[in-house]
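# Chain and residue survey
Take a look at the letters that make up each chain.
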Amino acid sequence: MGACSDEEEAEHEPRLRDTPEDISLEAAANTIAFHPCQDIIAAGDVDGDIYVYSYSCLEGGNKELWSSGHHLKSCREVSFSHDGHQLFTVSKDKSIHILNVEEGRLLKRFSKAHNSALNSLLVIDEHLFATGDDSGELKVWDLRKGTSIMEMKQHEEYISDMAVDGNKKLLLTTSGDGTMGVFNIRRRRFELLSEPQNGDLTAIALMKVSAIAHCILFLAQRGKKVACGSSEGTIYLFNWDGFGATSDRFALKAESIDCMVPVTDSIVCTGSIDGVIRAVNILPSRVIGSVGQHVGEPIEQLAKCHTGSFLASSSHDQKVKFWDISSLKSMIVDDYRKKKKKSGHLKSLSSKAFGSGEDFFADLREEAAGPEEEEDSGASDSD
């Protein structure tokens, strides 16, 4: 009897998976964000609803903690405070909400924060956060004063993404007008706009690139780079001391780069309208492979969990999916010139990437030959 009951108990134990199960929502999620120190993820959808889940690799382990319907229109961005106690949300309804993470209680509301629909959000530190809207206006807010302390409109189109340096001094923005903006938060002033690039600049990531063998002369470049994704499927690189013009560019064989998240000092993951999540090494620039995909659906946003082991993605399929990116942590791409493989297949970097064997992926595999060719012969205007 004892042996039998042990077997039955083992059968009923939840199975341990490589990644958490998909989270299915009632509407498509525009935005997702991981908690900075707990296994919690937040999502904001096109109906304006916010959902907060705890996630686990145990089968059936994902649990909805709470939801909020305070926004009247689509939620465009969610972000946790650095201590994880608060959740910031911005919406097409022009409002900013700050919620208590533990129970979803509304702590603060800025009803008419901007004159146009809000599109982007960045939590800078425990007191400051920044918002960008569809008209190109940037605002920096101070929670101690309960109001904005910096308001500037230098972009002609929507602000798509933002990043801040480690010293919390320079705020960088990307815009639909094709430019990157540089703003000095400490001095509360505008610094410059980059030269306009082809298409919308849709995403931004700060990279730390060290000792790179670069170009034919193998000149050693050290220091920070800024990577910007574009609607044309190109990653533009800027030197930290040269924001005015790009130092390099790398064209992916993707219709667009709609979102981008750094996963190591030199590797970013990009999401595209074709539904594929690509891992891309920056200098030497090449597509490493595919992390995963939402079949036939554009990727809305990507986020990396606090341990760095999982990437989450949201798409029009109303699902939040999790991907194992642990293998990328130790990956080093140190050969700048690498011959293209005959097969031209986009390498699978996780157990779920290209795992279905559907015909949909045949085109992607054929298309993947392009990035190899681009990275070997792609033009670079490096200084």
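These numbers come from a predicted model, not from an experiment.

## Some points on the pattern of salt bridges
The full count for this structure, using the stated rule, is 9 salt bridges. One salt bridge connects Asp134 with Arg76, and the closest N-O pair in it is separated by 3.2 Å. Here the residue Asp134 occupies a position in the loop between strand E11 (128-133) and strand E12 (137-142), and Arg76 occupies one in strand E6 (residues 75-80), the gap between them amounting to 58 residues. We classify Arg76 as buried; its relative accessible area is 19%. With a shortest N-O distance of 2.9 Å, Arg189 and Glu191 are connected by a salt bridge.

## Observations concerning the confidence of the model for the protein chain
On average, residues of the protein chain carry a pLDDT of 87, and 82% of them reach 70 or more. Here residues 211-222 scores under 50 on pLDDT; set against residues more than four positions off or in separate chains, the count is 24 contacts.

## Here's the deal with the side chain of Ser81
For Ser81, the position within the fold is in the loop between E6 and strand E7 (86-91). The exposure class of Ser81 is buried, given its relative accessible area of 7%. Polar contacts involving the side chain of Ser81 include one to the side chain of Asp83, which spans 2.7 Å. Ignoring any residue separated from it by four or fewer positions in sequence, one finds Ser81 in contact with Pro36, Gln86, Phe88 and Val123.

## Some details on the sheet that holds strand E25 (residues 286-293)
Read across the sheet, 4 strands follow the order E22-E23-E24-E25 without closing on themselves; strand pairing throughout is antiparallel. Every other strand in the sheet has two partners, leaving strand E22 (259-262) and E25 as the edge strands with one partner each. Each neighbouring strand pair of the sheet contributes to a mean axis angle of 25°, computed without reference to strand direction. Relative to strand E24 (residues 276-281), strand E23 (residues 267-271) runs antiparallel, the two sharing 5 bridges. Residue pairing across strands places Cys269 opposite Ala279, the latter belonging to E24.

## Looking at the pairing of strand E28 (residues 319-324)
Bridge analysis of strand E1 (residues 23-24) against E28 gives 2 bridges, and the strand direction is antiparallel. Opposite Ser24, over in E28, you have Lys319 as the bridge partner. Strand direction decides the pairing type here: strand E27 (residues 310-315) and E28, joined by 5 bridges, are antiparallel. Bridged to Ser313 within E28 is Lys321. Where E27 hands over to E28, the hairpin turn is made up of 3 residues, of which Gln318 adopts a positive phi near 65°.

## Thoughts on the pairing of E25
Counting buried residues in E25 gives 8 out of 8 residues, a clear majority hidden from the surface. Across 6 bridges, the pairing between E24 and E25 is antiparallel. Following the sheet pairing, Val276 is matched in E25 by Gln293. Where E24 folds back onto E25 in an antiparallel hairpin, the turn is made up of 4 residues, including Leu283, whose phi is positive at roughly 55°.

## Some remarks on the nonpolar core
The biggest cluster of nonpolar side chains holds 18 residues, and the ones touching the most others in it are Ile235, Leu252, Met260, Val268, Val280 and Ile282. Contributions of two or more residues to this core are made by strand E18 (201-214), strand E20 (234-239) and E24. The greatest single-element share of this core, amounting to 3 residues, is contributed by E18.

## Topic: a positive patch on the surface
Where like charges cluster on the molecular surface, the positive patch consists of Lys73, Lys92, Lys94 and Lys112. One can find Lys73 in the loop between strand E5 (63-68) and E6.

## Brief notes about unusual backbone geometry
Put simply, Leu283 and Pro284 share a cis peptide bond, and its omega is 0°. Of note, Pro284 is situated in the loop between E24 and E25. Phi at Lys94 takes a positive value of approximately 75°, unusual for a residue other than glycine. If you trace the backbone, Lys94 turns up in the loop between E7 and strand E8 (96-100). The residue Arg188 is not glycine, and still its phi comes out positive at about 55°.

## Considering the side chain of Ser54
Assignment of secondary structure puts Ser54 in strand E4 (residues 50-54). Assessed through its relative accessible area of 19%, Ser54 is described here as buried. Sequence-distant contacts of Ser54, that is, excluding residues within four places in its chain, are made with Asp39, Ile40, Gly61, Asn62, Lys63 and Leu65.

Thresholds applied
- Residues numbered from 1 in each chain as written.
- Predicted model: local features only at pLDDT ≥ 70, side-chain atom pairs only at ≥ 80, totals over all residues.
- Heavy atoms only, no water.
- Salt bridge = Lys/Arg side-chain N within 4 Å of Asp/Glu carboxyl O.
- Helix = DSSP H or I, 4+ residues; strand = E, 2+ residues; numbered from the N terminus.
- Buried < 20%, exposed > 50% of the residue type's maximum accessible area, 1.4 Å probe, protein only.
- pLDDT = per-residue confidence, 0-100.
- Contact = heavy atoms within 4.5 Å.
- Polar contact = N/O pair within 3.5 Å; in protein donor to acceptor, adjacent residues only side chain to side chain.
- Pairing = 2+ DSSP bridges.
- Axes fitted to C-alpha atoms, helices over the stretch in contact; angles between N-to-C directions.
- Core = buried A, V, L, I, M, F, W, Y, C linked by side-chain atoms within 4.5 Å.
- Patch = residues over 30% accessible without salt bridge, like charges linked within 9 Å, V, L, I, M, F, W, Y side chains within 5 Å.
- Areas by Shrake-Rupley, 256 points an atom, 1.4 Å probe, with all protein chains shown as cover.
- Lys, Arg positive; Asp, Glu negative; His and termini not counted.
- Charge placed at Lys NZ, Arg CZ, Asp CG, Glu CD.

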